[in-house]
Amino acid sequence: MAYVVKQITAAETIPVRHQVLRQGKPIESCVFQNDEDSQTFHLGAFHKDELIGVATYLKSKSSHFSQQYQYQLRGMAVLKHYQGKQIGKQLLQFGEEKLALLKASLLWFNARENAWSFYERNGYSKFGEEFMIPDIGKHLVMYKQL
Ligand SMILES: CC(C)(COP(=O)(O)OP(=O)(O)OC[C@H]1O[C@@H](n2cnc3c(N)ncnc32)[C@H](O)[C@@H]1OP(=O)(O)O)[C@@H](O)C(=O)NCCC(=O)NCCS
């Protein structure tokens, strides 16, 4: 089945973030800081007209890494029914292509435990110790040099 990835607005990401990442939590919890920043971009994966996956890339420097021009990935989510169909992979690939055009040198993020192997299969590495994010669970910093 063909899925199309394209840029979307911050507002469009909210229903998918809510269903996949913040189920049962207030809708406001799905709005991230700097969502509307001019250097932030949001990607959406579509099946026909339905938005089925989202990912957000924010310009943000982590103190763990020395590269000057870093981006952070947030809100990576694919609707349950569509998971395991390479849609997450397509979102990551599109994001990396866009970051290459922007000449960013590193992408990092806080990864949920259930997604660690997904990111590793896509060439991302673990960094440092595990830590807890309250109400969400165990996380690790992961990254890729671009
Ligand atoms: C994690 C997530 C974004 C991955 O997207 P996806 O479309 O399901 O993943 P893909 O189909 O592109 O997977 C690509 C590869 O990773 C594997 N994979 C996907 N999810 C996995 C998981 N949870 N654990 C282990 N491997 C996984 C797939 O088997 C596939 O492997 P292959 O390329 O060798 O066949 C999606 O499952 C999701 O939204 N999960 C719930 C929310 C979440 O945890 N988001 C991440 C927050 S950090």
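Residues numbered from 1 in each chain as written. Predicted model: local features only at pLDDT ≥ 70, side-chain atom pairs only at ≥ 80, totals over all residues. Heavy atoms only, no water.

Naming follows an unreviewed UniProt entry, where the chain appears as Acetyltransferase of Croceibacter atlanticus.

### Describing the pattern of salt bridges
On inspection of all chains with the given rule, the structure shows five salt bridges. Notably, a salt bridge pairs Lys138 with Glu130, separated by 3.5 Å at the nearest N-O pair. Overlapping salt bridges, with partners in common, bring together Glu113, Glu130 and Lys138 in one network. (Salt bridge = Lys/Arg side-chain N within 4 Å of Asp/Glu carboxyl O.)

### A word on the UniProt feature "domain: N-acetyltransferase" (unreviewed entry) in the chain
Mapped onto this structure's residue numbering, the UniProt feature "domain: N-acetyltransferase" (unreviewed entry) falls at residues 3–146. Annotation note: span residues 3–146, helix share 24%, strand share 39%, distance between end C-alpha atoms 25 Å. (UniProt positions renumbered as here; feature names shortened; annotations may be inferred. Helix = DSSP H or I, 4+ residues; strand = E, 2+ residues; numbered from the N terminus.)

### Examining the side chain of Ser62
Residue placement: Ser62 occurs in the loop between strand S3 (50–59) and strand S4 (70–78). Polar side-chain contacts of Ser62 include one of 3.0 Å to the backbone nitrogen of His64. Once residues within four sequence positions are removed from consideration, Ser62 is found in contact with Gln70 and Trp108. (Polar contact = N/O pair within 3.5 Å; in protein donor to acceptor, adjacent residues only side chain to side chain. Contact = heavy atoms within 4.5 Å.)

### Overview of helix H2 (residues 87–102)
Taking 1.5 Å per residue, 16 residues should reach 22 Å; H2 reaches 23 Å between its end C-alpha atoms and fits that length. Buried residues of H2: Ile87, Gly88, Leu91, Leu92, Gly95 and Leu99, and no others. End-on, the buried residues of H2 take up no more than an arc of 140 degrees, which puts them together on one face. Summarising the geometry of H2, the exposed residues directed more than 90 degrees from the buried face are Glu97 and Leu101. Check the buried side of H2 and you find it contacts strand S1 (4–8), strand S2 (41–47), S3, S4, strand S5 (106–112) and helix H3 (116–121). One or two positions beyond H2, positive phi appears at Lys103, with a value near 65 degrees. (Expected span 1.5 Å × (residues − 1). Buried < 20%, exposed > 50% of the residue type's maximum accessible area, 1.4 Å probe, protein only. Arc of directions from axis to C-beta.)

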